[in-house]
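# Chain and residue survey
For reference, the chains in residue letters:
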Amino acid sequence: MLVKLYEDNPNPRDINEVVKILKGGGIIIYPTDTLYAFGCDITNAKAVERICAIKNINPDKMPLSFVCSNISHVSNYSFIDNQQFKQLKSCLPGPFTFLLKGNSNLPKLFKKKNVVGIRIPDNNIALALVEALGNPILSSSILINEDEPEYSTNPELMEELYAGRVDCVIDGGEGELEPSTIIDCTEEEPVVKRKGKGIWIP
């Protein structure tokens, strides 16, 4: 299923159709302000496990990231001190993933983790989906094939490639190949773990 949405003004009816898929435990591919990403409702453990299987990753061995709608939403799931709040506020929405210490409100699948990745992308489609769903959306960038990068940027080709493994691909326009910048905020001073699209100025 391919759904066309316009980033400047996502159609609420189409957003709600995609949210029905998410609430039913479905997996989507959706645009962010960096790479397209696999997404699902973070409260649905089976859907999260499906995404991990597609990407061949062990969720117990690496932080999982999810998209929130705003910084208040982030604070529902992680510990944020005053300094971190200022840092997040200066960068978000934007092409950053912040590693933060999770709190007791995390869904069961995440509770084993001390660290979670938080994103608030500068993309109206992604934010509209989170707001309509009411829960954060798991965000895991799609795999990049360096020999055929168009399969990571062209939604029609993504639908062809992942047919039968995802329930919906959102066409939000041509994607990018540069990932988010990862900032680790779990120690006293923030550390850049991966340089990406976001320019980090401490």
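The rules behind each value
- Residues numbered from 1 in each chain as written.
- Predicted model: local features only at pLDDT ≥ 70, side-chain atom pairs only at ≥ 80, totals over all residues.
- Heavy atoms only, no water.
- Phe/Tyr/Trp six-rings, centres within 6.5 Å; stacked < 30°, edge-to-face > 60°.
- Helix = DSSP H or I, 4+ residues; strand = E, 2+ residues; numbered from the N terminus.
- Buried < 20%, exposed > 50% of the residue type's maximum accessible area, 1.4 Å probe, protein only.
- Patch = residues over 30% accessible without salt bridge, like charges linked within 9 Å, V, L, I, M, F, W, Y side chains within 5 Å.
- Areas by Shrake-Rupley, 256 points an atom, 1.4 Å probe, with all protein chains shown as cover.
- Salt bridge = Lys/Arg side-chain N within 4 Å of Asp/Glu carboxyl O.
- Lys, Arg positive; Asp, Glu negative; His and termini not counted.
- Charge placed at Lys NZ, Arg CZ, Asp CG, Glu CD.
- Pairing = 2+ DSSP bridges.

Summed over all chains, the structure comprises five aromatic pairs. Judged by centre distance (5.1 Å) and plane angle (90°), the rings of Phe-38 and Tyr-162 are edge-to-face. Of this pair, Phe-38 sits in strand β3 (residues 37-41) while Tyr-162 sits in the loop between α6 (155-161) and β8 (168-171), placing them 124 residues apart in sequence. Of the two residues, Phe-38 and Tyr-162, neither departs from the other in class, the shared state being buried. Judged by centre distance (5.8 Å) and plane angle (75°), the rings of Phe-66 and Tyr-77 are edge-to-face. Residue Phe-66 is found in strand β4 (residues 65-67), and its partner Tyr-77 is found in the loop between α3 (71-75) and α4 (82-91); the two are separated by eleven residues along the sequence. Note on Phe-66: relative accessible area 0%, which makes it buried. Look at Tyr-77 and you get buried, because its relative accessible area is 12%. These aromatic residues form a ring-pair network of at least three members: Phe-96, Phe-98 and Trp-200.

A cluster of like negative charges, contributed by Glu-146, Asp-147, Glu-148 and Glu-150, occupies part of the molecular surface. Within the secondary structure, Glu-150 is located in the loop between β7 (137-141) and α6.

On to the pairing of strand β9 (residues 181-184), then. By the alternation rule, side chains of β9 split into Thr-181 and Ile-183 and Ile-182 and Asp-184, which are all buried. Bridge analysis of strand β5 (residues 96-101) against β9 gives four bridges, and the strand direction is parallel. Bridging from a neighbouring strand, Phe-96 pairs with Thr-181 of β9. As judged from the three bridges shared by β9 and strand β10 (residues 191-194), these two strands associate in the antiparallel manner. When the bridges of β10 are listed, Ile-182 appears paired with Arg-194.

Read these as geometric descriptors, not functional statements.
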